[in-house]
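Listed here are the chains, written in short residue letters.
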Amino acid sequence: MTLPILRETIERLARFRFIFIILVNLIPVGGVALLGWDAGQILFFYWFENVIIGLVTLPRVLAAQNYVRDAYSPKANHALGVGCFFIVHYGGFCLVHGVFTLILAVRFISDDPAQAGVVDPPFDGAFLWGLAILFGLHVLALVRDWWLPRAWRTASPTLEMFRPYGRIFVLHITVMGGAWAIQEYAAPEWTILILCLGKAVLELLTVWLTRTGIAEAVKAAPVR
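To start, this report covers the structure provided alongside it. Not measured: the values here are computed from a predicted model.

Rules and cut-offs
- Residues numbered from 1 in each chain as written.
- Predicted model: local features only at pLDDT ≥ 70, side-chain atom pairs only at ≥ 80, totals over all residues.
- Heavy atoms only, no water.
- Helix = DSSP H or I, 4+ residues; strand = E, 2+ residues; numbered from the N terminus.
- Buried < 20%, exposed > 50% of the residue type's maximum accessible area, 1.4 Å probe, protein only.
- Contact = heavy atoms within 4.5 Å.
- Areas by Shrake-Rupley, 256 points an atom, 1.4 Å probe, with all protein chains shown as cover.
- Core = buried A, V, L, I, M, F, W, Y, C linked by side-chain atoms within 4.5 Å.

### Comments concerning the overall build of the protein chain
Move 1: Counting secondary structure elements, the protein chain contains six helices and zero strands.
Move 2: In the protein chain, the order of α-helices and β-strands from amino to carboxyl end is α-α-α-α-α-α.
Move 3: With 224 residues in all, the protein chain has 38% of them scored as buried.
Move 4: Here the contacts in the protein chain between residues at least 6 apart in sequence split such that 83% fall between residues at least 24 apart.
Move 5: Total accessible area computed for the protein chain in this model is approximately 13,100 Å², and 72% of it derives from carbon and sulfur atoms.

The structure is reproduced here in structure tokens:
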């Protein structure tokens, strides 16, 4: 019965993951289409998303219990050391990413004649509400996929630490590359919406490919 239960669990988590990605990406899409968010705000939004992902990944790393114990200190919790390394490494990554985000955002503002002489901060109430909803969705996913099924019992802190990097490198470098191209070639503002939709499609495709690989591996596993 273990294998059918595992298959059913994978399917349920995959369905929730698709819905989660759609909801998360509806925030910037709605911001651009309905509230007039510019490219600078979108870049900042995706950078804050990186920070939020780091915040919800850290408790996963610290709580994971499937780690190799040192023969000389069998009671040592190596997840703590991995968590400290994650804070430094991921924090440095977010810092560098934030610098590039700021440079690109400033270029968008300086090249926009409508923004000449404007000193208002780019984070209005709607933007902050969008970040709050984004954070809430990530916390909901953390509770549903991690705490409720008690996934920390079989999770590795090292694997949990590296889990967000692949998605972030592929998606956000793509976003920044697309934003740079939009700014460099003076593309119209509506292309920002295409950038947001492209990110959403890329995320859904990544999850679908991952889910397909896992599901096929489970289906191919022998039933004992």
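### Here's the deal with the nonpolar core
Move 1: Core analysis: the largest hydrophobic core is formed by 32 residues, its most contacted members being Phe20, Trp37, Ile42 and Phe45.
Move 2: Looking at this core, the elements that each hand over two or more residues are α1 (2-35), α2 (39-63), α3 (78-110), α4 (125-147), α5 (157-184) and α6 (191-220).
Move 3: Top contributing element to this core by residue count: α1, with eight residues.

### Thoughts on the side chain of His138
Move 1: By secondary structure assignment, the location of His138 is in helix α4.
Move 2: Note on His138: relative accessible area 7%, which makes it buried.
Move 3: Once residues within four sequence positions are removed from consideration, His138 is found in contact with Phe20, Glu49, Ile52, Ile53 and Val56.

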